[in-house]
Amino acid sequence: MNRGVKFTGVPSMEEIKACPGTPSEERFEKGPVVAIECVQKIPCNPCEAACPFGAIEVGSSITNLPKLDEEKCIGCGICIPKCPGLAIFKIHKNYSEKTSLVEFPFEYLPLPEKGDQVPCGDRFGKYIADGKVLGIKNDKKNDGTTLISVEIPKEYFMEIRTICRGGER
Ligand code: SF4
Ligand code: SF4
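Naming follows an unreviewed UniProt entry, where the protein appears as 4Fe-4S ferredoxin of Psychrilyobacter piezotolerans.

**Q** Explain the side chain of Thr146 to me, please; I cannot follow it from the model alone.
**A** Along the chain, Thr146 falls in strand 8 (residues 146-153). A residue is classified by how much of its surface remains accessible, and Thr146, at 3% relative accessible area, is buried. Side chain to side chain, Thr146 and Asn138 meet in a polar contact 3.0 Å long. What Thr146 contacts, discounting residues up to four positions off in sequence, is Phe104, Pro105, Phe106, Leu111, Ile136, Lys137 and Asn138.

**Q** Got a minute to help me understand the site of ligand 1 in this structure?
**A** Near ligand 1, the surroundings consist of 13 residues, among which Cys51, Cys73, Cys76, Gly77 and Cys79 are the closest. Grouping the constituent residues of the shell around ligand 1 by class yields 11 nonpolar, two polar and no charged.

**Q** What am I meant to see in the site of ligand 2 here?
**A** Lining the immediate environment of ligand 2, one finds Ile36, Cys38, Cys44, Pro46, Cys47, Pro66, Cys83 and Pro84. Of the residues belonging to the shell around ligand 2, the class tally is eight nonpolar, no polar and no charged.

**Q** Quick question: what am I supposed to make of the side chain of Thr99 here?
**A** Counting through the fold element by element, Thr99 comes out in strand 5 (residues 99-106). A relative accessible area of 15% places Thr99 in the buried class. Engagement of the side chain of Thr99 in a polar contact is seen with the side chain of Glu151, the distance being 2.7 Å.

Parameters at a glance
Numbering of residues begins from 1 in every chain and follows the order in which that chain's sequence is written. Here chains are named by letter from A upward and ligands by number from 1 upward, in the order in which they appear as written. The predicted nature of this model means local features are confined to residues of pLDDT at least 70 and side-chain atom pairs, given and counted, to a pLDDT of 80 or more, with totals for whole chains, interfaces and linings taken over all residues. Side-chain numbers come from the whole structure's heavy atoms, not from hydrogens or water. Note on conventions: DSSP H or I runs of at least 4 residues are helices, E runs of at least 2 residues are strands, and numbering of each starts at the N terminus. Buried means the residue's accessible area, taken with a 1.4 Å probe over protein chains only, is under 20% of the maximum for its type, while exposed means over 50%, and partly exposed covers the values in between. Polar contact is the term for a pair of N or O atoms within 3.5 Å; when the atoms are in protein, one must be able to donate a hydrogen and the other to accept it, and sequence-neighboring residues count only if both atoms are side-chain atoms. What makes two residues a contact is simply this: any of their non-hydrogen atoms within 4.5 Å. Definition of nearness: a residue and a molecule or strand are near each other if at least one heavy atom of the residue lies within 4 Å of the molecule or strand. Under this grouping Gly is polar, as are all residues other than the nonpolar Ala, Val, Leu, Ile, Met, Phe, Trp, Tyr, Cys and Pro and the charged Asp, Glu, Lys and Arg.

Listed below in structure tokens is the structure:
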């Protein structure tokens, strides 16, 4: 059982659902949006300035949790590589009838290639299901943070957040 970020370093589902960066179930249904899984009050705020649409607010106290304005967010993903905590994920729940698309920051090598079938894992990196790599963004201005988009079985859109390192299943 995941007892939460203070005990495991990884937020529990309860913490994620309660934090102000998590979109509502209704918003996930509408189209691409980011899930800001930032659950600890730490002095940090680059996500706020990164969003050109004003969809992220930390506010006057830098230790506030980032709040997502889910109606302003268009799911562009610009904020993802700006988060030093690698806590922001783009989710397109209804990418197809049976699949979702998850875009996540990835800072390991080797990188997969577009079209690869890859083992996808949860927030601990534990294998959940295979996914197909649909996109890799390796912009120099993102300082080594690669963005990888993976098509996954829809039932895991709130679970899968990375590729398993070493290709382990
Ligand atoms: S995905 Fe784009 S619109 Fe949404 S919060 Fe991030 S930068 Fe703003
Ligand atoms: S940049 Fe990342 S770690 Fe920092 S407040 Fe925003 S979401 Fe949290």
